[in-house]
Amino acid sequence: MPSGDRIKTIVAYAHESYSEHEGGQVADYIPQLANADPSMFGITVADASGGLYSAGDADVEFSIQSISKAFVYALVGEALGHNVVREHIGVNNTGLSFNSVMAIELNEGHPMNPMVNAGAIATTSFMPGDTPAEQWENIRTGMSRFAGRSIELDGAVYRSEIANNQRNKALAGLLESYHQITGNPMDAVDVYTRQCSLLVTTRDLAVMGATLAAGGINPVTGKRVISADVCRDTLAVLASTGLYERSGDWLFEVGLPAKSGVSGGIVAIAPGKGAIGTFSPLLDSAGNSIRGQQATAHLSRALGLNVFASNVDSARSNGDD
Ligand code: GLU
């Protein structure tokens, strides 16, 4: 990573460069998400030693949505181990949309991809806890350890989604018919919907991502959250699945494991170096934030983060595109 002053300048430049972009749409299939302010745009870069550099609406809270899948997957991976998560949940991109029923049918009931809804609901069902309430509390406290602060539920988003998530309930029922989910599938959907409704900022996303970049130790609190092995496994899954069916395009352009969510957040992780959290609710047709993708692509180049670039010195030094 460049020096702190340099990172600050590059982050400010990225924010300024993309803040005028107005294409895309706010998600509205969860009614409460349709109320998002499309002008919001925040960026935070966290380095692996806990330095934080922000621009724009970096302290505005939004529901984490699908980005929760990455961190719950890590918590479940810690509990179940490498082989069990691979066998029961899978590590491959389905190539289909985040709420696809067909993906389950085409794969004989196997969820395949923990970063889309079916695989994520199955993952949540494996979360340790004797009751759904205990599973939920273990998720909330586990994700709070990643963020380095206690993060809380947005009750309005949770209620809005739970009243309108017939499709997720159908996915869970279908997984049950194939014996690919553990416990009561509707309980799993409820806990999953709660995890998606946790409120975060781009600062939280950057710290959570930097914890994965730093081998499982939160660089701000200095406390271990998960093992280095689970970080490695989680980042491998994010590389192939983190931006829905556009994950290949993303890896080709940006070269970082990442996860996006339909409320407009993206977290991108540079192993050993740090992480980038962005928020802008205007989405492309796959559900990925447009300004978030543009800003992260720019930062990956300007900070020299692409994991496939063999010569990081070739990273642009002037912060230009
Ligand atoms: N809670 C959302 C859902 O299940 C998350 C979707 C997403 O961010 O991809 O539909």
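Residues numbered from 1 in each chain as written. Predicted model: local features only at pLDDT ≥ 70, side-chain atom pairs only at ≥ 80, totals over all residues. Heavy atoms only, no water.

Draft legend 1. Just helix 9 (residues 185–196), in detail. Relative to the 16 Å expected for 12 residues at 1.5 Å per residue, helix 9 spans 16 Å between its end C-alpha atoms, a close match to the ideal helical length. Taken together, the buried positions of helix 9 are P185, A188, V189, V191, Y192, T193, Q195 and C196. Residues of helix 9 that are buried sit in contact with strand 3 (62–63), helix 2 (67–80), helix 5 (117–125), helix 6 (132–147), helix 7 (155–162) and helix 8 (166–177). Sitting at the amino-terminal end of helix 9 is N184, which places a side-chain oxygen 2.7 Å from the backbone nitrogen of M186. (Helix = DSSP H or I, 4+ residues; strand = E, 2+ residues; numbered from the N terminus. Expected span 1.5 Å × (residues − 1). Buried < 20%, exposed > 50% of the residue type's maximum accessible area, 1.4 Å probe, protein only. Contact = heavy atoms within 4.5 Å. Polar contact = N/O pair within 3.5 Å; in protein donor to acceptor, adjacent residues only side chain to side chain.)

Draft legend 2. Broad picture of helix 2. The first and last C-alpha atoms of helix 2 sit 20 Å apart over 14 residues, in line with the 20 Å expected at 1.5 Å per residue. With 11 of its 14 residues buried, helix 2 lies for the most part within the structure.

Draft legend 3. Here's a closer look at the nonpolar core. Membership of the largest hydrophobic core comes to 43 residues, with the highest contact counts inside it found for F71, M143, F146 and L212. Among the secondary structure elements, those contributing two or more residues to this core are helix 2, helix 6, helix 10 (202–213), helix 11 (228–241), strand 6 (265–270) and strand 7 (274–279). Ranked by residues supplied to this core, first place goes to helix 2 with 8 residues. Look past the residues within four positions of L212 in its chain and what remains in contact with it is F71, F146, I226, C231, T234, L235, L238 and I269. The next biggest cluster of nonpolar side chains, apart from the first, holds 25 residues, and it includes V11, Y18, I43 and L256. (Core = buried A, V, L, I, M, F, W, Y, C linked by side-chain atoms within 4.5 Å.)

Draft legend 4. Focus on the pattern of salt bridges. A complete count under the given rule lists 8 salt bridges for this structure. The closest approach of N and O atoms between R149 and E61, which form a salt bridge, is 3.1 Å. A residue pair is termed long-range when its members are at least 10 positions apart, and R149 in the loop between helix 6 and helix 7 and E61 in the loop between strand 2 (52–56) and strand 3 qualify at 88 residues. Judged by relative accessible area, R149 falls into the partly exposed class, the value being 31%. When the shortest N-O distance is used, the salt bridge between D204 and R149 registers 2.7 Å. (Salt bridge = Lys/Arg side-chain N within 4 Å of Asp/Glu carboxyl O.)

Draft legend 5. View of the environment of S97. Mapped onto the elements, S97 comes out in the loop between helix 3 (82–88) and helix 4 (102–106). Given a relative accessible area of 32%, S97 falls into the partly exposed group. With 25 residues separating them in the primary sequence, S97 and A122 have C-alpha atoms 17 Å apart.

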